[in-house]
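Chains, contacts and geometry: an overview
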2 protein chains.
Amino acid sequence: MAYRNINYEKTRTFCEHVFKGYGFSEEESRIITDVFLFADLCGIESHGMQRLNRYHYEITNGMVNVHAVPVIVKETPVSAVIDGNDAMGQLMAVKAMQLAIEKAKKSGVGIVSVRNSNHYGCAGYYANMAMREGMIGISMTNTESIMVPTFGKKAMIGTNPIAFSIPADPIPFTFDSATTVVPRGKLEVYAKRDGKIRNGWAVDENGQESTDAERVLNNIIGKLGGGILPLGGAGEENSGYKGYGLGMIVSIMTGILSGGATDNYVYKTGHGSGIAHFFMAINLDLFGDKEEVRKRVSTFMQEVRDSDKADGQDHIYTHGEKEFLAKDKILSEGIPVQEKTYEELKQIAEYTHSEEYLPELM
Amino acid sequence: MAYRNINYEKTRTFCEHVFKGYGFSEEESRIITDVFLFADLCGIESHGMQRLNRYHYEITNGMVNVHAVPVIVKETPVSAVIDGNDAMGQLMAVKAMQLAIEKAKKSGVGIVSVRNSNHYGCAGYYANMAMREGMIGISMTNTESIMVPTFGKKAMIGTNPIAFSIPADPIPFTFDSATTVVPRGKLEVYAKRDGKIRNGWAVDENGQESTDAERVLNNIIGKLGGGILPLGGAGEENSGYKGYGLGMIVSIMTGILSGGATDNYVYKTGHGSGIAHFFMAINLDLFGDKEEVRKRVSTFMQEVRDSDKADGQDHIYTHGEKEFLAKDKILSEGIPVQEKTYEELKQIAEYTHSEEYLPELM
């Protein structure tokens, strides 16, 4: 896996032209690009430029409807349910979180549930939108089933990430994690190394723990059984049922509350992917002086970072810190992309008539 | 560890007399007893009668104020912040969740944040209160620090359970889990077996993984360093930072939002324990016909239970199912208690003048 860098600003310009090339408006293209580059800025390769090709596929195959008009199907002062009508996930999610924030400004809390959307990228992006408004932001999404429930051998639940963000200084708290023990991308990375994954990450088609990355991935692709384990691993010994339960909570908050598809029916709706999301914004004014709350979060996070390190360790990170620290490096040194990813970008550039904006390799 | 059973109904009567003996009213004693016996009915020994002695200690030492009058310090149509003034945790929590439910009936959502309370028993009890009203119930509490953050060697975060409940047939969904990989009680059980705990459960005073149950427990008791690992285990390999982050979210939602003590200051307030809670009730009417939502949850849970079992397994449980199945057995066969627990009950009976109600061993 050879990596080369591409300039951040040039990549932004390129992306905006690509999305305009698919038919999105200037404003829409700017929004989608911002979500994509948030991932790369955080150093989360899996959800950034590396994944543009997946969206290219979904847009050009009509799974994502470029001209979708989402509809609010039910609304109260504290909530809304939206049918995305197969909209681009990033656009749908930004609109939904904006609505949750508006409601939280007026009513203290805003809950927005979305069905018939598509992959929305980093869950943390949307949680951060509320955080930047001085609120708690919560964002969840279901995905195609890949998690095998405790004692099962068939994937029934998605990677189902939970993101939670709250303002703090100097580093906001942003938690953004799949409820599986590892994401699929990590299996792919290990498969490329020496074909071995760690015990406790995945099960084979018989529901037995497997360290054979190729076999597990082929099973997932071919839907032959098995999949990734919940956070906590196999069986009950290390509490894998907790990760499985957290995954179920996300399934409930997304596919079920929105009236959309549950994880096991995602990509089987006959139209779009059927992915569903959940967003919540909570106004910190509910809990007294919001600046005081912010100070208390900052103090606690600092106390945790300053606490005694394990022998051999010199840094305790709080959630969002690594991403916060990654930003400057990416801005100055560029976004690392694999050669394969760059080849994909070339084809996407051609399809969207954006060749002149394709950033050169640094 | 020899177990003998005590009759469920007689234990209920005994408990009610015990709490009246401490000075709680008849109604208060009934409420506290109900929370205690919920744990035993669910087969969760650690939070039931076995723990009565701990509360005896906290009540008789004045950490729990039997006559506390909690005060609402801030209130909106969707929220309240309550100072518990060192109230009995179970009483405080029931009142707080009742308030959250009332608000959710009127406004769709109710959020109640509580500071200066005490241990409240099973988090799931309060989530279930909202579930029985046809709502989503969420309940969290901080506790004394026992979780060591990733790369740390000092306990900074509590066991910090998260409970979530939603109606479903025939078995409601009730998730109730500490964000540590295992609870402290599990270390105690393993220590009594052969003194060994599993790798990935705890770290010693140097922040290194340890399987020496005695050493880890002594360190915890003596505050010598080390503690229990977050869900996901040590380091980053199996995503222990996810359990650590979930624990931090609970710290934020409880001690920080309520303006109370964070986990690292619990039991160091100079008065009560300073434990803080968070409760949320969400009215399912927000998402359309609540009976339809209930049906969708039921269907998804059934599909998960019916999905292919791993070789050698014959049952996939959904969350709350084991507890649901335990109930009939306890009602007919009684509550199993250790001899040591029964000796404690005898002393408690004497202190509270409830000897005549002490259930005999079956």
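Residues numbered from 1 in each chain as written. Chains lettered and ligands numbered in written order. Predicted model: local features only at pLDDT ≥ 70, side-chain atom pairs only at ≥ 80, totals over all residues. Heavy atoms only, no water.

Here's the deal with helix H10 (residues 321-333) of chain A
Residues and elements named next belong to chain A. Taking 1.5 Å per residue as the helical rise, H10 with its 13 residues ought to reach 18 Å, and the 19 Å between its terminal C-alpha atoms agrees with that figure. If you look at H10, its biggest bend is around 25°, right at Lys-327. Among the residues of H10, Glu-321, Ala-326 and Ile-330 are the ones counted as buried. Those residues of H10 that are buried lie in contact with helix H1 (8-22), helix H2 (26-41), helix H9 (290-306) and strand E11 (335-338). Looking at the residues trailing H10, positive phi occurs at Gly-334, about 100°. (Helix = DSSP H or I, 4+ residues; strand = E, 2+ residues; numbered from the N terminus. Expected span 1.5 Å × (residues − 1). Bend = angle between axes of the 7 residues up to and from the residue. Buried < 20%, exposed > 50% of the residue type's maximum accessible area, 1.4 Å probe, protein only. Contact = heavy atoms within 4.5 Å.)

Observations concerning the nonpolar core
Core analysis: the biggest nonpolar cluster contains 78 residues, and Phe164(A), Phe164(B) and Ile166(B) have the highest contact counts within it. Apart from the residues lying within four places of it in its own chain, the contact partners of Phe164(A) are Ala127(A), Ile136(A), Gly137(A), Ile138(A), Phe173(A), Thr174(A), Phe175(A), Ile249(B), Ile252(B) and Met253(B). (Core = buried A, V, L, I, M, F, W, Y, C linked by side-chain atoms within 4.5 Å.)

So, the packing of H2(A) against helix H5 (residues 123-132) of chain A
Residues and elements named next belong to chain A. Between H2 and H5, the least distance of the axes is 9 Å, while the angle of their chain directions is 105°. When the axes of H2 and H5 are compared, the pair comes out roughly perpendicular. Residues Asp-34, Val-35 and Phe-38 of H2 form the contact with H5, whose own contacting residues are Gly-124, Tyr-125, Tyr-126 and Asn-128. (Axes fitted to C-alpha atoms, helices over the stretch in contact; angles between N-to-C directions. Parallel < 35°, antiparallel > 145°, perpendicular 65-115°, else oblique.)

Quick word on the domain arrangement of chain A
Residues and elements named next belong to chain A. We note that the domain assignment places domain 1 (3-286 + 323-357) and domain 2 (294-322) within chain A. Computed over C-alpha atoms, the centres of domain 1 and domain 2 are 27 Å apart. Residue-level contacts link 14 residues of domain 1 with eleven residues of domain 2. Of the roughly 1,200 Å² buried at the junction of domain 1 and domain 2 (both faces included), carbon and sulfur atoms supply 57%. It is Asp-169, Ile-171 and Glu-323 that lose the most area in domain 1 upon contact with domain 2, and together they represent 38% of the buried surface on that side. The tally of links between domain 1 and domain 2 comes to one salt bridge. (Domains from an automatic or database assignment. Buried area = accessible area lost by both parts, 1.4 Å probe. Salt bridge = Lys/Arg side-chain N within 4 Å of Asp/Glu carboxyl O.)

Section: the interface of chain B and chain A
Taken together, the contact between chain B and chain A spans 85 residues of the former and 85 residues of the latter. Of the roughly 7,100 Å² buried at the junction of chain B and chain A (both faces included), carbon and sulfur atoms supply 68%. Summed over the three residues of chain B that lose the most area to chain A, namely Phe151(B), Lys242(B) and Phe300(B), the buried surface amounts to 10% of that side. Across the contact surface, chain B and chain A share six salt bridges. Of the charged contacts in the structure, one is a salt bridge between Lys322(B) and Glu236(A), with a shortest N-O distance of 2.6 Å. Run the count over chain B and chain A and you get 37 residue pairs in polar contact (both at pLDDT 80 or more). Here the element with the most residues in the side of chain B that touches chain A is helix H8 (residues 240-256) of chain B; it accounts for twelve residues. Residue composition of the side of chain B that touches chain A, grouped by class: 41 nonpolar, 29 polar and 15 charged. (Polar contact = N/O pair within 3.5 Å; in protein donor to acceptor, adjacent residues only side chain to side chain. Nonpolar A, V, L, I, M, F, W, Y, C, P; charged D, E, K, R; others polar.)

Details of the environment of Ser113(A)
Among the secondary structure elements, Ser113(A) is positioned in strand E4 (residues 109-117). Placed 62 residues apart in sequence, Ser113(A) and Phe175(A) show a C-alpha to C-alpha distance of 20 Å. Here Ser113(A) is in contact with Ala80(A), Val81(A), Ile82(A), Met253(A), Thr254(A), Leu257(A), Ser258(A), His277(A) and Phe287(B), once residues within four sequence places are set aside.

Details of the relation of the copies chain B and chain A
Superposing chain B onto chain A requires a rotation of 180° together with a translation of 0.0 Å along the rotation axis, leaving an RMSD of 0.0 Å. Taken together, the rotation and translation describe the operation of a two-fold axis. Proximity to the rotation axis, assessed at the C-alpha, singles out Gly232(B) in chain B; its C-alpha lies 2.5 Å from the axis. Mapped onto chain A, 100% of the interface residues of chain B again fall at the interface, so both copies present the same surface. (Least-squares fit on C-alpha atoms with pLDDT ≥ 70 in both.)

Thoughts on the sheet that holds strand E3 (residues 79-83) of chain A
Within a sheet, neighbouring strands are paired by backbone hydrogen bonds and run either parallel or antiparallel to one another. Taken in spatial order, the seven strands line up as E2-E3-E4-E10-E5-E6-E7 (chain A) in an open sheet, and their pairing is mixed. Among the strands making up the open sheet, the edge pair consists of strand E2 (71-76) and strand E7 (173-177) of chain A. In this sheet, adjacent strand axes meet at a mean angle of 10° when their direction is disregarded. The sheet contact formed by strand E5 (residues 135-141) of chain A and strand E10 (residues 275-283) of chain A spans seven bridges and is antiparallel. Counted as the bridge partner of Met135(A) is Asn283(A) from E10(A). Sheet strands touched by helix H8 (residues 240-256) of chain A: E4, E5, strand E6 (162-166) and E10 of chain A. Its angle to E10(A), the strand with the most contacts, is close to 100°. Together, E5, E6, E7 and E10 of chain A form the strand contacts of H8(B), whose direction differs from that of E7(A) by roughly 135°. (Pairing = 2+ DSSP bridges.)

Overview of the environment of Lys20(A)
All names here are of chain A. Looking at the secondary structure, you find Lys-20 in helix H1. Counting along the chain gives ten residues from Lys-20 to Arg-30, while the straight-line C-alpha distance between them is 9.1 Å. Ignoring anything within four residues of it in the chain, the contact list for Lys-20 reads Ser-25, Glu-26 and Ser-29.

As for empty space enclosed by the protein
Counted according to the given criterion, the structure contains four cavities of 30 Å³ or more. Roughly 320 Å³ of internal volume is contained in the largest cavity. Along its surface, the largest cavity is lined by 19 residues, and Ile138(A), Met140(A), Ile138(B), Met140(B) and Ile162(B) are the ones closest to its centre. For the lining of the largest cavity, the secondary-structure elements that each account for two or more residues are E5, E6, H8 and E10 of chain A together with strand E5 (135-141), strand E6 (162-166), H8 and strand E10 (275-283) of chain B. Considering only residue class, the lining of the largest cavity consists of 19 nonpolar, no polar and no charged. (1 Å grid on protein atoms, 1.4 Å probe; cavity = no way out; pocket = protein on both sides within 12 Å on 5 of 7 lines; lining within 4 Å. Points joined across faces, edges and corners; volume = space filled by probe spheres on them.)

Concerning the packing of aromatic side chains
Within the structure shown, the criterion is met by 24 aromatic pairs over all chains. Residues Tyr22(B) and Tyr351(B) carry aromatic rings whose centres are separated by 6.2 Å and whose planes lie at 40° to one another, so their mutual orientation is tilted. Residue Tyr22(B) is found in helix H1 (residues 8-22), and its partner Tyr351(B) is found in helix H11 (residues 339-351); the two are separated by 329 residues along the sequence. Between the aromatic rings of Tyr125(B) and Tyr126(B), the centroid separation amounts to 5.3 Å while the plane-to-plane angle is 75°, which identifies the pairing as edge-to-face. In this structure an aromatic cluster arises from ring pairing among Phe19(A), Tyr22(A), Phe24(A), Phe36(A), Tyr55(A) and Tyr351(A). The ring of Tyr317(A) has Lys322(A) sitting right over it, with the charged end atom 4.8 Å from the ring centre. (Phe/Tyr/Trp six-rings, centres within 6.5 Å; stacked < 30°, edge-to-face > 60°. Lys NZ or Arg CZ within 6 Å of the ring centre and 35° of its normal.)

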